[in-house]
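Inside the fold
This is what each chain is made of:
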Amino acid sequence: MTLKKFICLVLYYGIAQYLPQSTNKYFFWTRTIRRRLCSSLFDNCGNNINVEKKASFGTGVGILIGNNSGLGVNCIVNGPLSIGDNVMMGPDVAILTSTHNYKTINVPMSEQGCDVSPVEIGNDVWIGMRSIILPGVKIGNGAIIGAGAVVTKDVPDFAVVGGVPAKVLKYRNV
């Protein structure tokens, strides 16, 4: 890790994550502060991103975020994660990219290590509040993930999904 990344991590997790939400009309500048810090932390950072209050993203390694996209208030994400352009994310979203191994029953799960599977989110996606996206999932362009959904499988383009586990409810382009 470079000194610049280390300093940006310390500033983000020590100060910037606690600044008010960017939607507060008196604290619009908090968006700029978090954006500048995260542009040094993420592997690729588009223009005009918005990282909201208390967003957690580890060290930012493996995270690619497109133009006009954002991480919601209190979200938890880790790389490898690719977020397209114009992606909206509600509060408390969790995007998981790793899971514990559990196949060997005579070895404790905590000692079996983890599998990492990247998550890919297309362009123009809306992820509702408290949604959970599990490792290896691909979300298509124009999709909507309903609030509280647990996404365990790939989501087709323009699908509206919801529920636990998430199922296609309808399509936006029909």
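The coordinates are above.
Reference entry: report on the structure contained in this document. Note that the structure is predicted; figures quoted are calculated from it, not measured.

1. Remarks on helix 2 (residues 29-41)
The end-to-end C-alpha distance of helix 2, which contains 13 residues, comes to 19 Å, matching closely the 18 Å that a straight helix rising 1.5 Å per residue would cover. When helix 2 is considered as a whole, its buried residues turn out to be Thr-30, Arg-34, Leu-37, Cys-38, Ser-40 and Leu-41. The buried residues of helix 2 occupy one face: seen down the axis, they fall within an arc of 155°.

2. What to know about the nonpolar core
Counting residues in hydrophobic clusters, the biggest one holds 38 residues, and the most contacted among them are Phe-42, Phe-57, Leu-71 and Ile-121. Where this core is concerned, the elements lending two or more residues are helix 1 (3-14), helix 2, strand 3 (63-65), strand 6 (81-83), strand 11 (119-121) and strand 17 (159-162). Once residues lying within four places of it in the same chain are set aside, the contact partners of Ile-121 are Leu-81, Ser-82, Ile-83, Gly-84, Val-87, Ile-95, Ile-127, Ile-133 and Ile-139.

3. A closer look at the environment of Met-89
Position of Met-89 among the secondary structure elements: in strand 7 (residues 88-89). For Met-89, a relative accessible area of 12% translates into the label buried. Distance in space between the C-alpha atoms of Met-89 and Phe-42 is 17 Å, their sequence separation being 47 residues.

4. Focus: a nonpolar patch on the surface
A contiguous nonpolar patch, built from Met-1, Leu-3, Phe-6, Ile-7, Val-10, Leu-11 and Ile-15 and spanning about 720 Å² of accessible area, is present on the exposed surface. Note that Val-10 resides in helix 1.

5. Points about the packing of helix 1 against helix 2
Where helix 1 meets helix 2, the axes come as close as 9 Å, and the angle between the chain directions of the two elements is 140°. With respect to the hand of their crossing, helix 1 and helix 2 are arranged in left-handed fashion. Contacts from Lys-4, Lys-5, Cys-8, Leu-9, Leu-11 and Tyr-12 in helix 1 reach Arg-34, Leu-37, Cys-38, Ser-40 and Leu-41 in helix 2. Considering only residue class, the contact of helix 1 with helix 2 consists of seven nonpolar, one polar and three charged.

6. Structural notes on the side chain of Ser-22
Within the secondary structure layout, Ser-22 lies in the loop between helix 1 and helix 2. A distance of 2.5 Å separates the side chain of Ser-22 from the side chain of Glu-52, its partner in a polar contact. The residues contacting Ser-22, other than those within four sequence positions of it, are Phe-27, Phe-28, Thr-30, Arg-31, Arg-34, Asn-50 and Glu-52.

7. Topic: the sheet that holds strand 7
The strands making up a sheet associate through backbone hydrogen bonding, with each pair oriented either parallel or antiparallel. Across the sheet, which stays open at both edges, the five strands sit in the order 7-12-15-17-18 with mixed pairing between neighbours. Unpaired on one side and paired on the other, strand 7 and strand 18 (167-171) mark the two borders of the sheet. Note: strand 17 against strand 18, four bridges, orientation antiparallel. When the bridges of strand 18 are listed, Ala-159 appears paired with Tyr-171.

8. Considering the packing of aromatic side chains
For the coordinates displayed, the defined rule picks out five aromatic pairs. Taken together, a centroid distance of 5.0 Å and an interplanar angle of 85° make the contact between Phe-42 and Phe-57 edge-to-face. Separated by 15 residues along the polypeptide, Phe-42 in the loop between helix 2 and strand 1 (44-45) and Phe-57 in the loop between strand 2 (50-51) and strand 3 bring together distant segments of the chain. Given the relative accessible area of 1%, Phe-57 is considered buried.

9. Description of the state of the cysteines
Under the definition given, this model contains zero disulfides. Summary of cysteine pairing: Cys-45 is not part of a disulfide, and the nearest cysteine sulfur, belonging to Cys-38, is at 6.9 Å. Cys-75 carries a free sulfur, and the closest cysteine sulfur to it, the one in Cys-38, is 9.6 Å from it. Residue class for Cys-75 comes out buried when judged on its relative accessible area of 0%.

Calculation criteria
Residues numbered from 1 in each chain as written. Predicted model: local features only at pLDDT ≥ 70, side-chain atom pairs only at ≥ 80, totals over all residues. Heavy atoms only, no water. Helix = DSSP H or I, 4+ residues; strand = E, 2+ residues; numbered from the N terminus. Expected span 1.5 Å × (residues − 1). Buried < 20%, exposed > 50% of the residue type's maximum accessible area, 1.4 Å probe, protein only. Arc of directions from axis to C-beta. Core = buried A, V, L, I, M, F, W, Y, C linked by side-chain atoms within 4.5 Å. Contact = heavy atoms within 4.5 Å. Patch = residues over 30% accessible without salt bridge, like charges linked within 9 Å, V, L, I, M, F, W, Y side chains within 5 Å. Areas by Shrake-Rupley, 256 points an atom, 1.4 Å probe, with all protein chains shown as cover. Salt bridge = Lys/Arg side-chain N within 4 Å of Asp/Glu carboxyl O. Axes fitted to C-alpha atoms, helices over the stretch in contact; angles between N-to-C directions. Left-handed = near helix turned anticlockwise from the far one by under 90°. Nonpolar A, V, L, I, M, F, W, Y, C, P; charged D, E, K, R; others polar. Polar contact = N/O pair within 3.5 Å; in protein donor to acceptor, adjacent residues only side chain to side chain. Pairing = 2+ DSSP bridges. Phe/Tyr/Trp six-rings, centres within 6.5 Å; stacked < 30°, edge-to-face > 60°. Disulfide = S-S within 2.5 Å.

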